[in-house]
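Chain and residue survey
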Amino acid sequence: MRVLGGIDELPAGLRFALTIGMFDGVHRGHQRALKALVRSARQFKASPVVLTFDPHPAQVLRGSAPPLLCSVEEKLARLATLGVETTVVQRFDQVFADQPPDEFLGRLCTGRELVALVMTGESAFGRDRTGILATVKRLGAQMKFRVVEVNRLESDGGTLSSTRLRELLADGRLSDARRLLGRPYTVTGTVVEGDRRGRTLGYPTANLAFDVPVALPLDGVYAVRAGW
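To keep things clear, this report deals only with the structure shown in the data block. (Residues numbered from 1 in each chain as written. Predicted model: local features only at pLDDT ≥ 70, side-chain atom pairs only at ≥ 80, totals over all residues. Heavy atoms only, no water.)

So, on to the side chain of K75. Here K75 shows up in helix α3 (residues 72-81). Not counting residues within four places of it along the chain, the set of residues in contact with K75 comprises M22, F23, V26, T52, F53 and C70. (Helix = DSSP H or I, 4+ residues; strand = E, 2+ residues; numbered from the N terminus. Contact = heavy atoms within 4.5 Å.)

So, in structure tokens, the structure goes:
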């Protein structure tokens, strides 16, 4: 999979289908949208492209971001396994956030051919999140691309979302989180020296440090698998 550092790095002449989002955790709800992206790209003989962000938009817009469900590296690896050919990791700042939806889409389409944009009914982008589904459908008719609507996934009577997954982890409900993710929950960090409590406990321990705030389960003792 090709990884680009901004939307202006998308090559000239590219014919592509696109979906936009943070995709934190790449959970089953995200996977539904990503599968629709790959199907649409195949249907229109185009390249499937994901636009995601770093840092989290909430960090810029509200001054703080929720703890992340996966690192950028893990997210990219999971997107690649789902058939995404190009991922743009766009630096999110106030200048980028202030673009109106039509200006943003025009920037994407200049010198390229956007054929499909995959969205859910709750998707929104652009200044003040004014790029909602109805607005983008109108812009799509003008700019000659299709809007592919994907229904959000429901589970146990609620919408599957990254926020809900964080709540499950905070409650220590890892089996429920696993069902919504479609896999066991994983954290990735750097092993650092700690208090050497393993000698007291009678078995080896490892201490992880994280570059950004990471969603961790409720304090407790868990059976895990570790790799490096």
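Before going further, it helps to spend a moment on the pairing of strand β6 (residues 146-150). Within a regular strand, the side chains alternate between the two sheet faces. Inspection of the sheet shows strand β5 (residues 113-120) paired to β6 by 5 bridges, in the parallel sense. Directly across from M119, in β6, lies its bridge partner E149. Handedness of the β5-helix α6 (residues 133-143)-β6 crossover: right-handed. (Pairing = 2+ DSSP bridges. Right-handed = clockwise from strand over helix to strand, strands pointing away.)

Our focus in this paragraph is the sheet that holds β5. Read across the open sheet, the 6 strands follow the order β1-β4-β3-β2-β5-β6; overall the sheet is parallel. Strand pairing shows two members of the sheet lacking a second neighbour, β1 (2-4) and β6, which therefore form its edges. Sheet twist, expressed as the mean angle between neighbouring strand axes with direction ignored, is 25°. Packing against the sheet, helix α1 (residues 28-43) makes contact with β2 (15-20), β3 (47-54), β5 and β6, and its axis sits at approximately 145° to β3. Sheet strands in contact with α6 are β5 and β6, and its direction is about 155° off that of β6. (Axes fitted to C-alpha atoms, helices over the stretch in contact; angles between N-to-C directions.)

What the rule picks out here adds up to 5 aromatic pairs. Each ring, one from F92 and one from F96, has its centre 5.9 Å from the other, and the planes form 65°; the classification is edge-to-face. Here F92 matches F96 in class, with each residue buried. An aromatic cluster is defined as three or more aromatic residues linked by ring pairs; in this entry it consists of F53, F92, F96, F104 and F125. (Phe/Tyr/Trp six-rings, centres within 6.5 Å; stacked < 30°, edge-to-face > 60°. Buried < 20%, exposed > 50% of the residue type's maximum accessible area, 1.4 Å probe, protein only.)

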